[in-house]
Amino acid sequence: MNIVMISPGYPPEMAFFTRALARAGATVIGLGDQGRDALPPEAREGLTHYERVSLADEGSVLATLQQLARHVSFDRVECLWEPYMLLAATIRERFGVPGMTVEQTIPFRDKEAMKLVLDAAGIRTPRHAKARTVSEVWEAAERIGFPLIVKPIAGAGSADTYRIDSFDDLAEVLPAMRHVRRVSVEEFIEAEEFTYDTICADGQVLVDNISWYRPRPLQGRSHEWITPVTLALRDTHQPTLQPGREMGAQVLSALGFQTGFTHMEWYLKPDGEAVFGEIGARAPGARSVDIMNYATDADFFLAWAQAVVHGRLGQQIERRYNAANLFKRAQGSGRITRIEGLEPLLARYGPNVCAVELLPIGAHRRDWRATLLSDGMVIVRHPDLDATVEMCDRFGVELQLYAQ
């Protein structure tokens, strides 16, 4: 099977998906903005052929593929990075390759189109409206009421997403969103926030995952002192989570998703009601696939590739642990000067610590508003949920990075 992989080396986790396709038996043809030498080694390992082309120039991409098509056929076109999913769909239509069309892809990229499809299917979504102008945002706010959320229609994650509690808040936030062409204005749901992630083949869920955000991503994006945590749960069949799992199946059916990775976010209200958040036809980012791997001792990169290439999994996946990643933010600005608390934590929890990837002393700290990865990451795991939460809380409070 010959597979065109769009952006095989960026963002960095794409390299592991590229390598996995080759390990699943595919011949992988890469198209990306990077020079081949700049690709991560995992991507270079997986590629049979690579073309450097501006992915923002659709005409150049199509012309490049037209030249390649004289020598090789394309069986699939894959893209797991949000900005170029519509490009991948356009390529499929142009070359007659099976997979998601432009029409099928749009609801996964346009949050308003997404919710309209799900509203029609009877799935509970937040009250919502789209807006292109300041006046339309004000009108939507008056109709929906406070608190509400304003976010980009075609965004990913919680970037440029704001909770609004009053018209004064709205007036303060709108100038910061001038660069966003279209926004979604929606009801704010008071609830815990979870994910429902799947790998599917031919419309069937082959394996799934439920992760718990601690705290909700919007809170993590709003306060620098918070240590955001994503916790992949071992017991995903507990009764309280079943409304979200059932809704996830309904969402996939309503959107007609067939093969690949999906990442859905949903809310669990105190009364047990599940409310849809949003869904992407891609894997979750921010090292979430890593914690799925640590929770199961399996390889979800390869599981995705096996679903794409063979329509089935070639590995047994059993949930053995709760696994969590924690993203640390340094205090101060400038360069990292010291790290405190790590050694005592490793002495206590060492066997349960899977990874420690903190910026080294002397490195310039990252902009915590621009990347969830912040100034470093720790991954922990444990079969018991309470023990996992305790570790997360201890690392969150006692591990500190300082910069000046």
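Before reading on, note that the structure itself is shown above.
Rules of the game
Residues numbered from 1 in each chain as written. Predicted model: local features only at pLDDT ≥ 70, side-chain atom pairs only at ≥ 80, totals over all residues. Heavy atoms only, no water. Disulfide = S-S within 2.5 Å. Buried < 20%, exposed > 50% of the residue type's maximum accessible area, 1.4 Å probe, protein only. Pairing = 2+ DSSP bridges. Helix = DSSP H or I, 4+ residues; strand = E, 2+ residues; numbered from the N terminus. Axes fitted to C-alpha atoms, helices over the stretch in contact; angles between N-to-C directions. Contact = heavy atoms within 4.5 Å. Polar contact = N/O pair within 3.5 Å; in protein donor to acceptor, adjacent residues only side chain to side chain. Parallel < 35°, antiparallel > 145°, perpendicular 65-115°, else oblique. Nonpolar A, V, L, I, M, F, W, Y, C, P; charged D, E, K, R; others polar.

Student: Help me understand the state of the cysteines in this model?
Tutor: Working definition of a disulfide: a covalent bond connecting the sulfur atoms of two cysteines. In this structure the tally under the stated criterion is zero disulfides. Here C200 is not cross-linked by a disulfide; its sulfur's nearest cysteine counterpart is in C79, at 17 Å. C354 provides the cysteine sulfur closest to C392, a residue in no disulfide bond, and the two sulfurs are 11 Å apart. Note on C392: relative accessible area 3%, which makes it buried.

Student: Just checking my understanding: could you explain the sheet that holds strand β7 (residues 162-164) for this structure?
Tutor: The sheet built from four strands is open, its strands ordered β5-β8-β6-β7 with antiparallel pairing. Two strands in the sheet have a free side with no partner beyond their single neighbour: β5 (128-131) and β7. Geometrically, the sheet is characterised by an average inter-axis angle of 25° between neighbouring strands, direction not taken into account. As paired strands, β5 and strand β8 (residues 183-187) are joined by four bridges and run antiparallel to one another. Bridging from a neighbouring strand, H128 pairs with E186 of β8. The strands touched by helix α6 (residues 111-120) are β5, β6 (148-152) and β8; relative to β5, the strand with the most contacts, the crossing angle is about 150°. Across the sheet, helix α7 (residues 134-144) touches β5, β6 and β8, and the angle it forms with β8 is around 15°.

Student: I'm lost on the side chain of S7 in this one. Help?
Tutor: Along the polypeptide, S7 turns up in the loop between β1 (2-6) and α1 (14-23). S7 sits in the buried class, given a relative accessible area of 4%. Only 2.4 Å separates the side chain of S7 from the backbone oxygen of Y10, close enough to count as a polar contact. If we skip the residues at most four places from it in the chain, S7 touches M14, L31, G32, L55 and W81.

Student: Whenever I open this one, the packing of helix α4 (residues 85-95) against helix α5 (residues 102-109) confuses me. Can you help?
Tutor: Direction vectors running N to C along α4 and α5 enclose 170°, while the axes themselves pass 9 Å from each other. If you check the angle between α4 and α5, you find them roughly antiparallel. Across the interface between the two elements, M85, L86, A89, T90 and E93 from α4 touch V102, E103, T105, I106 and R109 from α5. Tallied by class, residues from the contact of α4 with α5 come to five nonpolar, two polar and three charged.

Student: I would appreciate a short explanation of the sheet that holds β1 in the present structure.
Tutor: The strands making up a sheet associate through hydrogen bonds between their backbones, and the pairing can be parallel or antiparallel. Read from one edge of the open sheet, four strands run β3-β2-β1-β4, paired in parallel fashion. This sheet does not close on itself; its edge strands, each paired only once, are β3 (47-52) and β4 (76-78). Neighbour to neighbour, the strand axes of the sheet diverge by 20° on average, direction disregarded. Across the sheet, helix α3 (residues 58-68) is in contact with β1, β2 (27-32) and β3; its angle to β2 comes to roughly 150°. Of the strands in this sheet, β1 and β4 touch α4, which is tilted by about 170° from β4.

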